[in-house]
Amino acid sequence: MMPHELMKRLRIANTMSSSMVASLLLLLICAGSTLAICPPMCSCGRGHRIVDCSARGLSLLPDSLQHNIHFLNLSHNRLQNLDGLLSHFGHLRTLDISHNRLRHLPAGLPRALWDVDVSSNHILQLEKNDTAYHWNLQSLDLSNNQLERVVFINNTLPSLQALNLSHNKFWTVPTNMPHNLEMADLSHNFLLQILPGSLDRLPRLSRFYLHANRFASLSEGVFNRLESLQLLTLGDNPWACEDEENITHLLHWVHQTPAKVLGCPCYIRPTCGEAHLATSRTWHSASYTEPPLGADTRGSGHRTPLHAVTSGYLSKSAMLNLPHNRSVGNGTGAGEQALTKGGVHLTSTPYIFSTQSSTTIRTQSAKKATAGKARSTSIQIHTGNLHTVALNLMVAALILSTF
């Protein structure tokens, strides 16, 4: 081989080696950037798709958030405006922006969202375009804001099952509420009336919380179209019991409805209604918005279990799929007494990330489980006593045999 040909091949080999080294370096740089996608002030899991940035004193959205995140917790920070900043997170399912300084629902929220918690902010109103395109949203918590009005367009939010508007400043029950709602919490407002026909388009509403408002009376037949109603709370309202003409029809409905009514208007006893309910009737209370941090197991056919939003949230690192089933029997038991105080103040259950109240009822199943546990414990203790007696007899026999 001629020397100049050898030199040419060596130059080609060196060029190829340099190219390979450059490619390897570029690959390492990309890999390093991929590994550094969790913002330093946050904690991440599940391949950085579960992100918890709560209680970090943030006033701006953190950088380096991966675009395919599924769960984002930004609660307990100082965020004031998130307009357009979350729209590119197209895979986001659960968003917690509670306990911040937001004055309106952020514009441009991802349309894939299932669960949104915007409680404990400074939101004054909800406009029609704020929720017009959220076809997948199943739970919305706007509790503990300064809302006086919300505007829903007909046939929007078709998947919404749980709506929490408690602890706001409503004077009348919002009209055009999403028609597939199963739970609506309007407790702790300034409600004076329910406009006729406002509830007629809610055939699936099963839990309706109206306690701690300013109702003196209600229009006749206002609840008649709530065919799926299981639980209604009316306690802690200044019912005009002396106005028999306006209160009689409500009392008649309360006695005829198959739903359970807590907080009987104008009666001392705390529980009324439920005339035809079976003792096995159950419902969920205290909500649901998020799966435990790191959990993302819901399939495309999933429907959010409605532990939903009776004004209380668990820690965002352990939220949604925690059981809060409550079995309810006829009569006024200890659980109902705990639920009621005076005209039915529902007990308050503070959680890690929320100071809201939640509806809680003692379960018969828990009592049965406790009784079963007690029985098994007594059997173990009894068996242990027999072993002790036998051992004592053997020791006594050995001692006697030595004499």
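Residues numbered from 1 in each chain as written. Predicted model: local features only at pLDDT ≥ 70, side-chain atom pairs only at ≥ 80, totals over all residues. Heavy atoms only, no water.

1. Details of the environment of A216
Relative to the helices and strands, A216 resides in the loop between β11 (207–209) and β12 (231–233). Sequence separation of A216 and P238 is 22 residues, and the distance between their C-alpha atoms is 5.3 Å. (Helix = DSSP H or I, 4+ residues; strand = E, 2+ residues; numbered from the N terminus.)

2. Remarks on the packing of aromatic side chains
For the structure shown, the criterion picks out four aromatic pairs. Ring geometry for F215 and W239: centres 6.1 Å apart, planes at 10 degrees, overall stacked. Residue F215 is located in the loop between β11 and β12, and its partner W239 is located in the loop between β12 and α2 (244–256); the two are separated by 24 residues in the primary sequence. The ring of W114 carries R93 above its face, with NZ or CZ at 5.0 Å from the centroid. If you follow R111 out to its NZ or CZ, it ends over the ring of Y133, 4.7 Å from the centre. (Phe/Tyr/Trp six-rings, centres within 6.5 Å; stacked < 30°, edge-to-face > 60°. Lys NZ or Arg CZ within 6 Å of the ring centre and 35° of its normal.)

3. A short note on α2
The end-to-end C-alpha separation of α2 is 18 Å, in line with the 18 Å expected for 13 residues at 1.5 Å each. Along α2, the residues classified as buried are I247, H249, L250, L251, W253 and V254. Along its buried surface, α2 packs onto β12, β13 (260–262) and β14 (271–273). (Expected span 1.5 Å × (residues − 1). Buried < 20%, exposed > 50% of the residue type's maximum accessible area, 1.4 Å probe, protein only. Contact = heavy atoms within 4.5 Å.)

4. Some thoughts on the state of the cysteines
According to the stated counting rule, one finds four disulfides in the structure shown. Residue pairing for C38: its cysteine sulfur links by disulfide to C44, the two sulfurs lying 2.0 Å apart. Looking down the S-S bond of the C38 and C44 bridge, the torsion is 85 degrees, so its handedness is right-handed. One disulfide bridge connects C42 with C53, the sulfur atoms lying 2.0 Å from each other. Between C42 and C53, the S-S dihedral sits near 105 degrees, and the bridge is therefore right-handed. Pair noted here: C42 is in the loop between α1 (3–35) and β1 (43–45) and C53 is in the loop between β2 (50–52) and β3 (71–73), with a separation of 11 residues, a long-range link. For C42, a relative accessible area of 10% puts it in the buried group. Classification of C53 as buried rests on a relative accessible area of 0%. (Disulfide = S-S within 2.5 Å.)

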